[in-house]
Amino acid sequence: MLRPLVSSSAVHFCSRLRSRPPAFHLPGCRMLHHLMVGTWTPPGAIFTFEFNDEELTLKLIKRTAIPENEPISWMTFDHAKKNIYGAAMKKWSSFAVKSPTEITHQASHPMEHEPQASSPDTNTRAIFVLAAKQPPFNVYGNPFYDHAGFGNIFSVNQEGALEKCVQNYEYSPKTGIHGMVFDPTETYLYSADLRGNKVWTHKKDAQGQLTLVHCVEAPDPGDHPRWVALYQNYLYVLMEAGNRLAVYVIDEQTHIPVFTHITYPLIPPGIPNSKTMYRSDVVFLSHSKKYLFATSRANAHNLTGYIAAFKLGPAGNIERQICLNPTPTSGGHSNAVSPCDWSDEWLALTDDQDGWIEIYRWKDEFLARVAHCDVKEPGFGMNAIWYD
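Residues numbered from 1 in each chain as written. Predicted model: local features only at pLDDT ≥ 70, side-chain atom pairs only at ≥ 80, totals over all residues. Heavy atoms only, no water.

**Q** With reference to specific residues and values, describe the nonpolar core.
**A** Within the largest apolar cluster, 62 residues are counted, with the highest numbers of intra-cluster contacts made by Met180, Tyr236, Leu245, Leu292, Phe310 and Ile318. It is strand 10 (residues 125-131) that provides the largest number of residues to this core, a total of six residues. Once residues within four sequence positions are removed from consideration, Phe310 is found in contact with Leu245, Tyr264, Leu266, Lys290, Tyr291, Leu292, Ala294, Ile318, Arg320, Gln321 and Ile322. (Core = buried A, V, L, I, M, F, W, Y, C linked by side-chain atoms within 4.5 Å. Buried < 20%, exposed > 50% of the residue type's maximum accessible area, 1.4 Å probe, protein only. Helix = DSSP H or I, 4+ residues; strand = E, 2+ residues; numbered from the N terminus. Contact = heavy atoms within 4.5 Å.)

What follows is the structure, given as structure tokens:
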């Protein structure tokens, strides 16, 4: 059954899927959960969704307009979920979050590590942002494409809004970082360099600034690391062009990742022109850290992307690959999986080929699509973040 939602700029259709497993609740979990999603292209907006985990419905409840030329291609919460930070084309932005439907723009700061980066005549754009969970709660941003040889670090004020750039830390002139992750103590930062085909290690000081430790080349010249996740002593590096997940171990003395020569496929084997027709996207841990999910995208609308799930051992080692399932579409720029942060049960998946967000249920190591919502607006939808 389709139910239209009124919107000033588009018609949205949210549907409840007819065939679904019965709802399952963990003690203390609420029935209604909210997620926020941004867009790849203007006009800028933050979309808030409501997921009912009992009725298995998903609906758009608010479209918050933001600066038109600052669409957020990647967003994240601060440690308290009181602020959203965005990678917003030529700027880094922050928003106060009072409730799922009360989101207010606070600040926008240009990329100033190179004069050309913020120029409208260059293709440089803000691509990824990571918020520290420990004081001083700095925010770390990665430019991409050309003029992206530096990362940008911002301090925040007492309310959590972006305050000022406190460091432009150096990578290399050919760098294009697309994803980063801290170790559990937030002492070391690991960066996936898609354009430079490297994995970088930096050390963070008490003021939240970074110094270079080392960088290592990807195993294959055609790998192009795009994303990283970390658990215990293991670093999982997603290779965009290699379409595989590479397993690294963190050296306990140097804190540098060492390739184990263990990899797992993120697209089915034997696909023709795999490095030109597919590109892998993101990798994330489940709430319990017992599972790992990764996605890939196709470069043609008549092909599908894929979502993979892995079982992790207590030490962080990958015990086995559980599945490699097709996604509904190519995924476009997105196909980003977002596990919820209170249970292993729910995952969100976003797509900007057709423009939608879906919720999947992970139960007994099976993945079931349980809810879907279409949003027919330009550039929808980038990554989803779970508010509650």
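What follows continues from the structure just given.
**Q** Please set out the sheet that holds strand 8 (residues 91-99) residue by residue, giving values where relevant.
**A** Read from one edge of the open sheet, four strands run 6-7-8-9, paired in antiparallel fashion. A strand with exactly one partner marks an edge of an open sheet, and here the two such strands are strand 6 (74-77) and strand 9 (102-110). Neighbour-to-neighbour, the strand axes of the sheet open up by a mean angle of 20°, direction not taken into account. Strand direction decides the pairing type here: strand 7 (residues 83-88) and strand 8, joined by six bridges, are antiparallel. Across the sheet, residue Tyr85 finds its bridge partner in strand 8, namely Ser94. (Pairing = 2+ DSSP bridges. Axes fitted to C-alpha atoms, helices over the stretch in contact; angles between N-to-C directions.)

**Q** Residues and numbers for the packing of aromatic side chains, please.
**A** Working definition: an aromatic ring pair is given by the centre-to-centre distance plus the angle between the planes. Within this structure, the stated rule accounts for 19 aromatic pairs. Seen from their ring centres, Phe77 and Tyr387 are 5.8 Å apart, and the 45° between their planes marks the pair as tilted. You can see Phe77 sitting in strand 6 and its partner Tyr387 sitting in the segment after strand 30 (380-386), a full 310 residues away along the chain. The pair Phe77 / Tyr387 is uniform in exposure class, with both members buried. An aromatic cluster is built from Trp74, Phe128, Trp227 and Phe284, whose rings are joined through pairwise contacts. Note that Arg125 overlies the ring of Trp40, its terminal NZ or CZ placed 3.8 Å from the centroid. The ring of Phe182 carries the charged tip of Lys204 above its face, separated from the ring centre by 5.0 Å. (Phe/Tyr/Trp six-rings, centres within 6.5 Å; stacked < 30°, edge-to-face > 60°. Lys NZ or Arg CZ within 6 Å of the ring centre and 35° of its normal.)

**Q** Summarise the layout of surface pockets; cite the residues concerned and give the values.
**A** Gaps left between atoms show up when a probe the size of a water molecule is rolled over them. If you add up the space inside the largest pocket, you get close to 1100 Å³. Lining the largest pocket we find 38 residues, and of these Thr76, Leu130, Lys133, Phe284 and Asp341 sit closest to its centre. Mapped onto the lining of the largest pocket, the elements with two or more residues apiece are strand 6, strand 10, strand 14 (177-182), strand 18 (225-231), strand 22 (278-285), strand 26 (336-339) and strand 30. Residues belonging to the lining of the largest pocket are distributed by class as follows: 24 nonpolar, seven polar and seven charged. (1 Å grid on protein atoms, 1.4 Å probe; cavity = no way out; pocket = protein on both sides within 12 Å on 5 of 7 lines; lining within 4 Å. Points joined across faces, edges and corners; volume = space filled by probe spheres on them. Nonpolar A, V, L, I, M, F, W, Y, C, P; charged D, E, K, R; others polar.)

**Q** Account for the pattern of salt bridges, naming residues and giving values.
**A** Opposite charge on two side chains lets them pair, provided their charged atoms get close. In the structure shown here, the tally under the stated rule is 17 salt bridges. Residue Arg244 is joined to Asp223 by a salt bridge in which the shortest nitrogen-to-oxygen separation is 2.8 Å. Residue Arg244 is found in strand 20 (residues 244-250), and its partner Asp223 is found in the loop between strand 17 (210-217) and strand 18; the two are separated by 21 residues along the sequence. Classification of Asp223 as buried rests on a relative accessible area of 1%. Of the charged contacts, one joins Glu358 and Arg369 as a salt bridge, the two residues approaching to 2.8 Å between their closest N and O atoms. Linking Glu358 in strand 28 (residues 356-363) with Arg369 in strand 29 (residues 366-375), this pair joins segments that are 11 residues apart in sequence. Using a relative accessible area of 0% as the deciding quantity, one classes Glu358 as buried. Its relative accessible area of 40% is what places Arg369 among the partly exposed residues. Via salt bridges that share partners, Arg226, Glu240, Asp281 and Arg297 belong to a single interconnected network. (Salt bridge = Lys/Arg side-chain N within 4 Å of Asp/Glu carboxyl O.)

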